[in-house]
Amino acid sequence: MKKLIALLAAATLAGGAFAQSFPDVPSGHWAEDAVEQIAELNIVIGFPDGTFRGNEAFTRYQASLVMSRMLGVIDADMATMDARLSAAESAIAG
């Protein structure tokens, strides 16, 4: 269980370290913070040329990929919460 927690923590930290800023998202744009947040979580990684292309249509394929990555982030967060709850229960039962 400790290995799982360490792995999740490392993945979370690494995800933030490799997050990118998209050159085609204008500074001060109303969605800039949201774009940065989903990039930090590796939910959206952009196109091969490093752009976000926020004015283009969103395909069902792209929607599926984004939803799958988002569910992965949620699953990782739930695993972390489960581990913390188990540790707290063990400490209380102690």
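In what follows, the structure referred to is the one given above.
Residues numbered from 1 in each chain as written. Predicted model: local features only at pLDDT ≥ 70, side-chain atom pairs only at ≥ 80, totals over all residues. Heavy atoms only, no water.

**Structural notes on a nonpolar patch on the surface**
Thinking step 1. Among the surface-exposed residues, M67, M70, L71, I74, M78 and M81 lie close enough to one another that they form a single nonpolar patch of about 580 Å² accessible area.
Thinking step 2. Along the chain, the position of L71 falls in helix α3 (residues 60-93). (Patch = residues over 30% accessible without salt bridge, like charges linked within 9 Å, V, L, I, M, F, W, Y side chains within 5 Å. Areas by Shrake-Rupley, 256 points an atom, 1.4 Å probe, with all protein chains shown as cover. Salt bridge = Lys/Arg side-chain N within 4 Å of Asp/Glu carboxyl O. Helix = DSSP H or I, 4+ residues; strand = E, 2+ residues; numbered from the N terminus.)

**Digging into the packing of aromatic side chains**
Thinking step 1. In the structure shown here, the tally under the stated rule is one aromatic pair.
Thinking step 2. One cation-aromatic arrangement involves R53 over F47; the distance from NZ or CZ to the ring centre is 4.1 Å. (Phe/Tyr/Trp six-rings, centres within 6.5 Å; stacked < 30°, edge-to-face > 60°. Lys NZ or Arg CZ within 6 Å of the ring centre and 35° of its normal.)

**Details of the side chain of E32**
Thinking step 1. Inspection of the secondary structure assignment puts E32 in helix α2 (residues 32-40).
Thinking step 2. Of the side chains bearing the opposite charge, R53 lies closest to the buried E32, which forms no salt bridge; the N-O distance is 18 Å.
Thinking step 3. One polar contact links the side chain of E32 to the main-chain amide nitrogen of G28, over a distance of 2.8 Å.
Thinking step 4. Apart from residues lying up to four places away in sequence, E32 is in contact with V25, P26 and S27. (Buried < 20%, exposed > 50% of the residue type's maximum accessible area, 1.4 Å probe, protein only. Lys, Arg positive; Asp, Glu negative; His and termini not counted. Polar contact = N/O pair within 3.5 Å; in protein donor to acceptor, adjacent residues only side chain to side chain. Contact = heavy atoms within 4.5 Å.)

**What about the nonpolar core?**
Thinking step 1. One finds F22, V25, A31, V35 and A39 forming the largest nonpolar core, which totals five residues.
Thinking step 2. Here V35 is in contact with F22, V25 and F52, once residues within four sequence places are set aside. (Core = buried A, V, L, I, M, F, W, Y, C linked by side-chain atoms within 4.5 Å.)

**Topic: α3**
Thinking step 1. Taking 1.5 Å of rise per residue, the 34 residues of α3 would be expected to cover 50 Å, and the 48 Å separating its terminal C-alpha atoms lies within 8% of that figure.
Thinking step 2. Listed as buried for α3 are V66, V73 and A83. (Expected span 1.5 Å × (residues − 1).)

**Focus on the environment of F58**
Thinking step 1. In this fold, F58 is placed in the loop between α2 and α3.
Thinking step 2. Beyond its immediate chain neighbours, meaning those up to four positions away, F58 contacts A63 and V66.

All we've got here are geometric facts, nothing functional implied.
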